[in-house]
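Letter by letter, the chains look like this.
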Amino acid sequence: MDQSLARFSESISFDHRLYKHDIRGSIAHARMLAKQGILTDPEFLQIERELLSIQDRIERQELPFRIELEDIHMHIEQALIDALGDVGRKLHTARSRNDQIATDLRLWVRDQLDHVDELLEQLQRAFLSRCDLDHGVILPAYTHMQRAQPVLAAHYWLAYMEKLQRDRSRLADCRRRVNSCPLGGAAVAGTSMPIDRRMTAQLLGFESLAANSIDISSDRDFAVESVFVLSMIATHLSGWAEEWILWSTTEFGFLKLPQAFCTGSSIMPQKVNPDTLELTRGKSARVIGNLQTLLVLLKGLPLAYNRDLQEDKPPLFDAFDTVIACLELAVPIVQGSKLQTEAIAKRLDQGYLDATALMEAIMLQGIPQRTAHHKVGALVALAKEQNITLAELSDQDFLQVDPNFVGKSLRKSLGVQGAVESYRSLGSSGPEFVAEQIALWKNKL
Ligand code: ARG
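Keep in mind it's a predicted model, so treat the numbers as computed, not measured.

Reading the values: the criteria
Along each chain, the written sequence defines residue order, and numbers are assigned to residues from 1. Given that this is a predicted model, residues contribute local features only at a pLDDT of at least 70 and side-chain atom pairs are listed and counted only at 80 or more, while totals for whole chains, interfaces and linings are drawn from all residues. Values reported for side chains reflect all heavy atoms of the structure, with hydrogen atoms and water molecules removed beforehand. Secondary structure elements are defined from DSSP: runs of H or I of at least 4 residues count as helices, runs of E of at least 2 residues count as strands, and each element is numbered from the N terminus. Think of it in three bands: residues with accessible area under 20% of the maximum for their type are buried, residues over 50% are exposed, and the middle band is partly exposed, with areas taken using a 1.4 Å probe on protein chains only. We count Lys and Arg on the positive side and Asp and Glu on the negative side, and we leave His and both chain ends out. The salt bridge criterion pairs a side-chain nitrogen of Lys or Arg with a carboxyl oxygen of Asp or Glu, the two atoms within 4 Å. The contact criterion used throughout is that any non-hydrogen atoms of two residues lie within 4.5 Å. Residues are classed as near a molecule or strand on a simple rule: at least one heavy atom within 4 Å of it. In protein, a polar contact requires one atom able to donate a hydrogen and another able to accept it; more generally it is a pair of N or O atoms within 3.5 Å, and residues adjacent in sequence count only if both atoms are side-chain atoms. The Shrake-Rupley method, run with a 1.4 Å probe, gives the accessible areas here. Residue values count only the displayed protein chains as cover. Gly falls in the polar group here, along with every residue not listed as nonpolar (Ala, Val, Leu, Ile, Met, Phe, Trp, Tyr, Cys, Pro) or charged (Asp, Glu, Lys, Arg). Two strands qualify as a pair provided DSSP detects at least 2 bridges between them. Note on terminology: a nonpolar core comprises buried Ala, Val, Leu, Ile, Met, Phe, Trp, Tyr and Cys residues joined through side-chain atoms within 4.5 Å.

Asker: I keep staring at the side chain of Glu 10 and nothing clicks. Help me out?
Answerer: Tracing the sequence through the fold places Glu 10 in the loop between helix H1 (3-9) and helix H2 (12-15). In this structure Glu 10 is buried but unpaired, with Arg 307 as the nearest side chain of opposite charge at 8.4 Å. In contact with Glu 10, not counting residues within four places along its chain, are Ile 67, Glu 70 and Gln 310.

So this is what it looks like as structure tokens:
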């Protein structure tokens, strides 16, 4: 082989990180070969012992990687043959690198999915503990990035809990399809050797057996799916990061980020920059790009294994590495940030956040929604004219808009506190519903 091709086609520079899963797959395969009488028991024990020692050598960085040996599978097999000779040459019986890489990758993805799920749970716990920390704090909720209605801060945190829960459920769903065993598919048609695929599947903790050898050697749906799940997580994190970047500006002044996760400026001594959040927002682009790369990689491939598939690893690895890094930092940021409650409270009067609650109070008196909307619009205009809040309008002002408006009963829904307490639909920011959700989540986590 020409050196230029060796350099072009090697994957050891990135697939070396599959070594543990490759060895685990090989030991299961050898154990099965022995049970089937294809290897003797002593041969199996020799192979197992040697593979574990190779794993050790890789971990101590004592197994040099050479591009001539292409990939992790060949490196491990060659080391085995170097140590055991003909016994080592038997390991690859009834196996091809095509079902081998499919197996390694599924085992690796399965582990990573579990790790991501743990981190998602940690992030949920961080948001949940904020619900107690920020008990009773009211924030403006926004639509179109304009002040809309007052809500409890906890209601915000619970919104993120829901998004993360959907991520976790997508992940669990995806994991079921990842967890199907390709080993034994061999190159493309299966094998005439008397193997026991059920046994290897069980040894490797797979839930099901992939049923078609042609499909086995070509299928990377599980990679695409998991990177989609990661893209969705990255998108959620990016939206959250954007929100908290805004909230930490002087203009908003809602939030103080933990200093240890911010950076300074070399020229502006006063600056505290939210780099972690900006990078979280920025890195989502890579994850989404990786999803695109995988889809484009696969879209023109005929059955079954094509070498193109080797290119699945860099985007797959990068997507996991990136999302894991983002989640690891999101947890302490959610835990360590402080709501600037005084500054927030001072400006809750601005933006007529209680207008909708007032409108609904009027509707409860039997006035049609469109009419009530119109009348509250008039009240807001009156308040704006005098540069005051709705609560500060006089009875006179109310009666001017509608002679039937009896100030007192309507006034109960005014002010952000009154508005928040007036919410009574399931899923609303009404304090009892929020408390109920917090209790449910505490139970669940
Ligand atoms: N390094 C290869 C990959 O990642 C392993 C499978 C190679 N199979 C083959 N028939 N050349 O796709």
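Asker: How should I be thinking about the site of the ligand in this particular structure?
Answerer: Taken together, the residues surrounding the ligand are Ser 11, Asp 71, His 73, Arg 97, Asn 98, Ile 101, Tyr 305, Gln 310 and Lys 313. Between the ligand and Asp 71 there is a distance of 2.9 Å, counted from a nitrogen atom to a side-chain nitrogen or oxygen. When the free accessible area of the ligand is taken as 340 Å², the share hidden by the protein chains comes to 87%. In terms of residues, the shell around the ligand owes the most to one element, helix H7 (residues 97-133), which gives three residues. Looking at the shell around the ligand residue by residue, the classes come out as two nonpolar, four polar and three charged.

Asker: Looking at this structure, I do not really get the pairing of strand E2 (residues 146-152). What am I missing?
Answerer: Consecutive residues of a regular strand have side chains that alternate between opposite faces of the sheet. Where strand E1 (residues 138-143) and E2 come together, six bridges link them in antiparallel fashion. Directly across from Leu 139, in E2, lies its bridge partner Val 151. Where E1 folds back onto E2 in an antiparallel hairpin, the turn is made up of two residues, including His 144, whose phi is positive at roughly 55°.

Asker: Is there a simple way to think about the nonpolar core in this case?
Answerer: The nonpolar side chains of a soluble globular protein tend to be buried, and buried together. Ranked by internal contacts, the top residues of the largest apolar core, which has 104 residues, are Phe 127, Ile 233, Trp 240 and Trp 244. Ranked by residues supplied to this core, first place goes to helix H11 (residues 221-247) with 14 residues. Beyond its immediate sequence surroundings of up to four residues, Ile 233 is in contact with Val 116, Leu 120, Asp 167, Leu 171, Val 323 and Leu 327. Listed in part, the 21 residues of the second largest apolar core include Met 359, Ile 362, Val 380 and Leu 393.

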